[in-house]
Amino acid sequence: MRVLVAGANGQVGQSLIQRSSHELVALDRGALDITQPHSIQSAIERHRPDVLINAAAYTAVDRAERESALAVAGNQTGPALLAAACAGAGIPLLHISTDYVFDGTADRPYVETDPTQPLGIYGQTKCAGEVAVRAALPEHIILRTSWVFSAHGANFVRTMLRLADTRDQLSVVDDQFGGPTGADTIADALLGMVDRYRDTGALPWGTYHFSQLPHVSWHQFACEIIRQGRARGLLDHDIEVLPVPSSAYPTTVERPKNSRLDRAKYDQAFDLQTPSWKAELAQVLGVLSARS
Ligand SMILES: NC(=O)c1ccc[n+]([C@@H]2O[C@H](COP(=O)([O-])OP(=O)(O)OC[C@H]3O[C@@H](n4cnc5c(N)ncnc54)[C@H](OP(=O)(O)O)[C@@H]3O)[C@@H](O)[C@H]2O)c1
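Keep in mind that this is a model prediction, so the values were computed, not measured.

Undergrad: Now, about the pattern of salt bridges: what can you tell me, with residues and values included?
TA: Per the stated rule, a full pass over the model turns up 13 salt bridges. If you follow the salt bridges from partner to partner, you end up with Arg 19, Asp 184 and Asp 188 in one network.

See the structure below:
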């Protein structure tokens, strides 16, 4: 099974490279620009994949408001072109989407059939990308995930550790809730799908919610990062983590208060035991500690 990955340098792209035991070719933007039809076509012709995984996206949530053309290109046009190319090549597309397709006003975890209502350009373009994939290619999986972290790239875990290194006190919002999700676990979920496709020639195509548990606030997530960071010796002093409301930390785009994704549909369709995010955080901190 030959797997072609777009977005090799991202968090999920790097995890796919590290976790895969398949014949996997992961290309960065220079080798496969998902906004350029010729680039996609030549990558498919050259590598002849059996499955394509799109780990590429425009992920700068606030910057998207002033760079909407780039966000549209990366999150809408790119997935549309990839899906059309996969349809032409007769191969499936595994695509990643986000909790930001919802406005976060529900009082329960979101299920796949809930209406989308993004709060900003990033969410709107990711939503439009989903629509384009569904329209172009029945043989797709759209995996919506949330609060992605890893030892690589820009994410909340690394930001908290960086800030905590030079401060005694951090203020973190306690009125937004979601499921932190390790990039390695997302990669394992996608690679598990590749295995099943290899073995059975099919997948239960469609959209799935996927995050790790338990659901927490950003404040609770930060407290655990600091606790584990201290225990591992990554931080050498006490840090107080103060809970604050979102209103105390204004951002260009409002974030969904409720980012909780109900993953029951995924759990019924796929047989993958995933660790809690706390266990995955321990692994990530282990990697960071070995590096420092
Ligand atoms: N990060 C989160 O918290 C989060 C939450 C929910 C869902 N997601 C979704 O999860 C997926 C993976 O996210 P991530 O955190 O791994 O993202 P990431 O670390 O920001 O990586 C995205 C990668 O996409 C690449 N890219 C952007 N535009 C491209 C293009 N036109 N052609 C080829 N590559 C391009 C970037 O390349 P450059 O390095 O060259 O810019 C970058 O390496 C995305 O679909 C994202 O929307 C993420």
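Undergrad: Lay out a positive patch on the surface in plain terms, naming residues and giving numbers.
TA: Residues Arg 158, Arg 162, Arg 167 and Arg 291 make up a contiguous surface patch of positive charge. The residue Arg 162 is located in helix H5 (residues 156-166) in this model. Take Arg 162: its relative accessible area is 55%, and that puts it in the exposed class.

Undergrad: Report on the site of the ligand, specifying residues and quantitative values.
TA: Contacts to the ligand come from 23 residues, most closely from Arg 29, Asp 33, Thr 59, Tyr 122 and Lys 126. Backbone polar atom of Ala 57 to an oxygen atom of the ligand: 3.2 Å apart, as the coordinates give it. For the ligand, the accessible surface in isolation is 910 Å², of which the surrounding protein chains cover 80%. Of all the secondary structure elements, the ones that give two or more residues to the shell around the ligand are helix H1 (11-19), strand E4 (93-98) and helix H4 (121-136). Element by element, the count of residues in the shell around the ligand is highest for E4, at 3 residues. Looking at the shell around the ligand, its residues break down into 10 nonpolar, 9 polar and 4 charged.

Undergrad: How would you sum up the sheet that holds strand E5 (residues 140-145)? Please name residues and give values.
TA: Here 6 strands make up an open sheet; going across it, the order is E2-E1-E3-E4-E5-E10 and the pairing parallel. Either end of the sheet is taken by a strand with one partner, and the two such strands are strand E2 (23-27) and strand E10 (206-209). On average, adjacent strands in this sheet sit at an angle of 20° to one another, irrespective of strand direction. Where E5 lies against E10, 4 bridges are found, and the strand directions are parallel. Within the sheet, the bridge partner assigned to Leu 143 lies in E10 and is Tyr 208. Sheet contacts for H1: strand E1 (2-6), E2, strand E3 (51-54) and E4; angle to E2, the most-contacted strand, approximately 155°.

Undergrad: Can you break down the UniProt feature "domain: RmlD-like substrate binding" (unreviewed entry) in the protein residue by residue, with the values?
TA: UniProt records the feature "domain: RmlD-like substrate binding" (unreviewed entry) at residues 1-285, using the numbering of this structure. Measuring from the first to the last C-alpha atom of residues 1-285 gives 32 Å, for a span that is 41% helix and 17% strand.

Undergrad: Residues and numbers for H1, please.
TA: Looking at H1, one finds that the buried residues are Gln 11, Val 12, Gly 13, Gln 14, Ser 15 and Leu 16. On the buried face of H1, the contacting elements are E1, E2, E3, E4, strand E6 (148-149) and helix H6 (183-200).

What counts and what doesn't
- Residues numbered from 1 in each chain as written.
- Predicted model: local features only at pLDDT ≥ 70, side-chain atom pairs only at ≥ 80, totals over all residues.
- Heavy atoms only, no water.
- Salt bridge = Lys/Arg side-chain N within 4 Å of Asp/Glu carboxyl O.
- Patch = residues over 30% accessible without salt bridge, like charges linked within 9 Å, V, L, I, M, F, W, Y side chains within 5 Å.
- Areas by Shrake-Rupley, 256 points an atom, 1.4 Å probe, with all protein chains shown as cover.
- Lys, Arg positive; Asp, Glu negative; His and termini not counted.
- Charge placed at Lys NZ, Arg CZ, Asp CG, Glu CD.
- Helix = DSSP H or I, 4+ residues; strand = E, 2+ residues; numbered from the N terminus.
- Buried < 20%, exposed > 50% of the residue type's maximum accessible area, 1.4 Å probe, protein only.
- Near = heavy atom within 4 Å.
- Polar contact = N/O pair within 3.5 Å; in protein donor to acceptor, adjacent residues only side chain to side chain.
- Nonpolar A, V, L, I, M, F, W, Y, C, P; charged D, E, K, R; others polar.
- Pairing = 2+ DSSP bridges.
- Axes fitted to C-alpha atoms, helices over the stretch in contact; angles between N-to-C directions.
- Contact = heavy atoms within 4.5 Å.
- UniProt positions renumbered as here; feature names shortened; annotations may be inferred.

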